Amino acid sequence: MQLSTVFDLNSHQVSRIFWRTVLYCVLALGLATFLLPMVWLVSGSLKPDGQVFTIPPTFIPRPVLWENYPTALNKFPFWVSLKNTMTIVIGVLVGRVLTASLVAYSFARLRFPGRNAMFVIVLSTMMIPYHVVLIPQYLIFRDLGWLDTPLPIIVPNWFGGGAFFIFMMRQFFLSLNSEIDEAARIDGCGFFGTFWRVILPQSLPAVGALSIFTFMGEWNDFFAPLIYLNTEEKMTLAVAIRTWQFDTNLTYQAATWPELMVMSTILTIPPVLVFFFLQRYFIQGVVVTGVKG
Amino acid sequence: MATAATATGTATAQKLHWWQTLKGREALAGYIGISPWLLGFLMWGVGPMLLSAYYSLTEYSILSDPVFRGLDNFERMFTRDKLFAQALRVTGVYAIVTVPLGVIVGYGLALLLNQKARGLSYWRTGFYLPAVVPGVATAYLFAYVFANEYGLADSVLQTIGIEDPPNWFGSTKWALPSLMVLSLWGAGGGLILYLASLQGVPTALYDAAKVDGANAWGQFWNVTIPMTSPVILFTFIMGIINSFQVFTSAFIITSGGPVNSTLFYVLYLYRKGWQQLEMGYAAGLAWILFIIIFALTILVLRTSARFVHYEGE
């Protein structure tokens, strides 16, 4: 007796169920492969130092050492690094929201000679790798006495916040109905008043996407903090972890494997949470800049 | 108030300055509006690029003033510097393998999810997740997964009976492939874009293809691929640009070793500039990097013109 007669299905439905099953099996297998390393990360952070490496591998630590977390947090100057990271995130974010949206508004709504040519220049600067301007910028900041401060990372973002974000905000402004801000203009609102009171309040989704990208970018950044921040009291979390890996001065001992896994897990949690809860803005931002670009 | 009215009155009577006209005021506001970008472009963009071009022609040990040496740095790169050639080779091989594979894996996943899979947003979140994990955490995680003998990879291999599994990051043969695996772990990063563009393909086109007798494969090849080709091209170019700037994973896990088998280009640039303090040479390396990325982008754009379909052309 065939399955199809048991469940009273025609052949079309049988083949459909078969392919659905294959689809979900492939997806589940793929997802398991992608998530396995993350499980391994968290499990490694809860193991005793001696149990990190065993054959066969154990995914569930015995015993589960929750105290690895407070121990690691106390052993290293975690809170100082967190404060340094947040200083940079907020410093960059405020500058970028204000200047990128102002510049983007001018490109999207105001007419002036040379506007299109200048916007093409904005777009083309996206192709310049950071490393080409890095060395002169480094020397300029050295002469300004800004090395080992967050300023070299924050200040350049107060000048339009980067071509990518100008482009993103402009795309969003172009999608707004211009009748409302034309009405505001007729009612005697100046150009910048219109921007501040009419355009920006409508732009919270775009500002949200910009904030998420900025948070993730600065939180995860490794190269610029590595170049500019040299003492442990000034480092962001991402570079501090790397220093702790080798730190053998009198204050601390070098990190153990479970401690490195603890720090990596802690470093991973905020971006993952932001992604989970603000996915809508995030996805919108990716799509606006990628598909319509 | 009265004086203001009089002033406007006289101004109208005479010829208006350009900034007093409606158009002029808008233009002025426009220039003020973009001035942060324009200033930044000059201070952090054009200025440093010109300086960098100048430094690339000098010997500059950062502690003393730059000394002009003409094209010496470039001559050294292309004729004598074996590590420069090695860095180009490592980065090139990595890009050739990971960029197409990353696009295929990401696009493949998007195709599967686009088969009206239930709980689409949950799947999407899961596959995208590795792409939001910070590079530093990813590096330590994979150092732990591929640790010699006792890492996850090796202990799984030994459990299933493979004796003497490779010492991944410790071997000149396996270190680069291990970093490629690390890169592919983030391949879900393209998922959001691919899904959005797949969902944007008009169903009418599929209906038309069915009427013309196209099977699933024909529909995929003649409708899906052409309609989503601009996004594939975009992610491909971004993939090239990013793979030429790989730094964090190699710096943390291997520091370029063993025996320079993972000496990525930017890692070499960092070594020259910040460890050996040869800023002039590092500036030269940065310019070569810029030229490579620029040339590759143009090349991909040119060759793709025949394959990529843009709506409304």
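Computed from a prediction, not measured in an experiment: that's the story for all the values here. Within any chain, residue numbers begin from 1 and follow the written order of that chain's sequence. Lettering for chains starts from A, numbering for ligands starts from 1, and both go in the order in which the items are written. Only residues with pLDDT of 70 or above have their local features reported here, since the model is predicted, and side-chain atom pairs are shown and tallied only from 80 upward, although totals for entire chains, interfaces and linings are computed over all residues.

The next point concerns the overall build of chain B. In DSSP terms, a helix is any run of H or I states spanning at least four residues, a strand is any run of E spanning at least two, and both are numbered starting from the N terminus. Secondary structure summary: chain B contains 14 helices and two strands in total. Put simply, the radius of gyration uses C-alpha atoms, and a globule should come to 2.2 Å times the residue count raised to 0.38. Computed over its C-alpha atoms, the radius of gyration of chain B comes to 27 Å, more than 25% above the 20 Å expected for a compact globule of 313 residues. C-alpha extents for chain B along the principal axes are approximately 95 × 75 × 40 Å. Backbone-placed C-beta atoms define the burial measure: a residue is buried with 20 or more other C-beta atoms within 10 Å of its own, exposed with 12 or fewer, and partly exposed in between. The buried share among the 313 residues of chain B stands at 39%. The contact rule is simple: place each C-beta atom from the backbone, and if two of them lie within 7 Å, those residues are in contact. Taking as baseline every contact in chain B between residues at least 6 positions apart, the subset at least 24 positions apart corresponds to 67%.

With that out of the way, let us pick up the overall build of chain A. Each helix and strand counted, chain A has 15 helices and zero strands in total. Here the C-alpha atoms of chain A give a radius of gyration of 26 Å, more than 25% beyond the 19 Å that 2.2 N^0.38 yields for 293 residues. For chain A, the spread of C-alpha atoms along the three principal axes comes to 75 × 75 × 35 Å. Here chain A holds 293 residues, and the buried ones make up 40% of them.

Turning our eyes to something else, we now look at the nonpolar core. Counting 149 residues, the largest nonpolar core has Ile166 and Met169 of chain A together with Ala286 of chain B as the members making the most contacts within it. Looking at this core, the element that brings in the most residues is helix H4 (residues 78-109) of chain A, giving 12 residues. In this view, Met169 of chain A contacts Ala100, Ser101, Ala104, Ala206 and Leu210 of chain A; residues no more than four positions away in its chain are not counted. Residues enter a nonpolar core if they are buried, belong to Ala, Val, Leu, Ile, Met, Phe, Trp, Tyr or Cys, and are joined to the set through C-beta atoms within 7 Å.

At a minimum axis separation of 9 Å, helix H14 (residues 257-277) of chain A and helix H6 (residues 135-145) of chain B run at an interaxial angle of 145 degrees. The handedness of the crossing between H14 of chain A and H6 of chain B comes out as left-handed. Taken together, the residues of H6 of chain B that come into contact with H14 of chain A (itself represented by Trp257, Leu260, Met261, Ser264, Leu267 and Thr268 of chain A) are Val136, Ala137, Tyr140, Leu141 and Tyr144 of chain B. Every axis corresponds to a line fitted to the C-alpha atoms, with the helix fit spanning only the stretch in contact, and the corresponding angles, defined between N-to-C directions, vary from 0 to 180 degrees. Here a crossing is called left-handed whenever its near helix is offset anticlockwise from the far helix by less than a right angle, and right-handed whenever the offset is clockwise.

At the junction of the two partners, chain A supplies 71 residues and chain B supplies 73 residues. If you tally residues by element for the side of chain A that touches chain B, the top one is helix H2 (residues 11-45) of chain A, at 11 residues. Nonpolar residues are Ala, Val, Leu, Ile, Met, Phe, Trp, Tyr, Cys and Pro. Charged residues are Asp, Glu, Lys and Arg, and all others, Gly as well, are polar. Counted by class, the side of chain A that touches chain B contains 54 nonpolar, 14 polar and three charged residues.

Another point: the domain arrangement of chain B. Note that domain bounds follow an automatic or database assignment of domains. As assigned here, chain B comprises domain 1 (2-55) and domain 2 (72-304). The centre of domain 1 of chain B, based on its C-alpha atoms, is set 44 Å off from the matching centre of domain 2 of chain B.

Okay, the packing of helix H5 (residues 120-128) of chain B against helix H9 (residues 191-199) of chain B next. Residues and elements named next belong to chain B. Here H5 crosses H9 at 145 degrees, and the two axes come no closer than 10 Å. Facing Arg124, Phe127 and Tyr128 of H5, the residues of H9 in contact are Leu191, Ile192 and Leu195. Counted by class, the contact of H5 with H9 contains five nonpolar, no polar and one charged residues.

Moving on to the domain arrangement of chain A. All names here are of chain A. Each domain of chain A was delimited in the assignment, giving domain 1 (3-66) and domain 2 (71-291). Computed over C-alpha atoms only, the centres of domain 1 and domain 2 are separated by 36 Å. Contacts between the two partners involve seven residues from domain 1 and, on the opposite side, seven residues from domain 2. Here the residues of the side of domain 1 that touches domain 2 sort into three nonpolar, two polar and two charged.

Counting buried positions over the 10 residues of helix H13 (residues 237-246) of chain A gives eight, a clear majority of the element. By the burial criterion, the buried members of H13 of chain A are Leu237, Ala238, Val239, Ala240, Ile241, Arg242, Thr243 and Trp244 of chain A. Those residues of H13 of chain A that are buried lie in contact with H4, helix H11 (204-220), helix H12 (223-228) and H14 of chain A together with H6 and helix H12 (248-253) of chain B.

As a further point, take the environment of Tyr107 of chain B. Residue and element names in this part refer to chain B. By the element assignment, Tyr107 lies in helix H4 (residues 82-113). In this structure the C-alpha to C-alpha distance between Tyr107 and Pro66, which are 41 residues apart in sequence, comes to 49 Å. Not counting residues within four places of it along the chain, the set of residues in contact with Tyr107 comprises Tyr194 and Ile232.

Turning next to the confidence of the model for chain B. All names here are of chain B. Residues with a pLDDT of 70 or more make up 95% of chain B, whose mean pLDDT is 88. Across residues 1-11 the pLDDT falls below 50, and counting only partners more than four positions away or on other chains, this stretch makes two contacts in the model. Across the interfaces of the predicted complex, the ipTM metric reaches 0.88, alongside a pTM of 0.88. You can read pLDDT as the predictor saying how much it trusts each residue, on a scale of 0 to 100.

Moving on, we get to the environment of Met86 of chain A. Relative to the elements of secondary structure, Met86 of chain A occurs in helix H4. Of the residues examined, Met86 of chain A has 15 C-beta atoms within 10 Å and is grouped as partly exposed.

Moving on, we come to unusual backbone geometry. The peptide bond linking Gly257 of chain B to Pro258 of chain B adopts the cis configuration, its omega dihedral lying at -10 degrees. Within the secondary structure, Pro258 of chain B is located in the loop between H12 and helix H13 (265-275). In this structure, Asp148 of chain A takes a positive phi of about 65 degrees despite not being glycine. Note on placement: Asp148 of chain A falls in the loop between helix H6 (130-143) and helix H7 (151-154). Taking the C-beta count within 10 Å as the criterion, Asp148 of chain A has 15 such neighbours and is therefore assigned partly exposed. Of note, the phi angle at Ser255 of chain B is positive, near 50 degrees, even though the residue is not glycine. Along the chain, Ser255 of chain B falls in the loop between H12 and H13.

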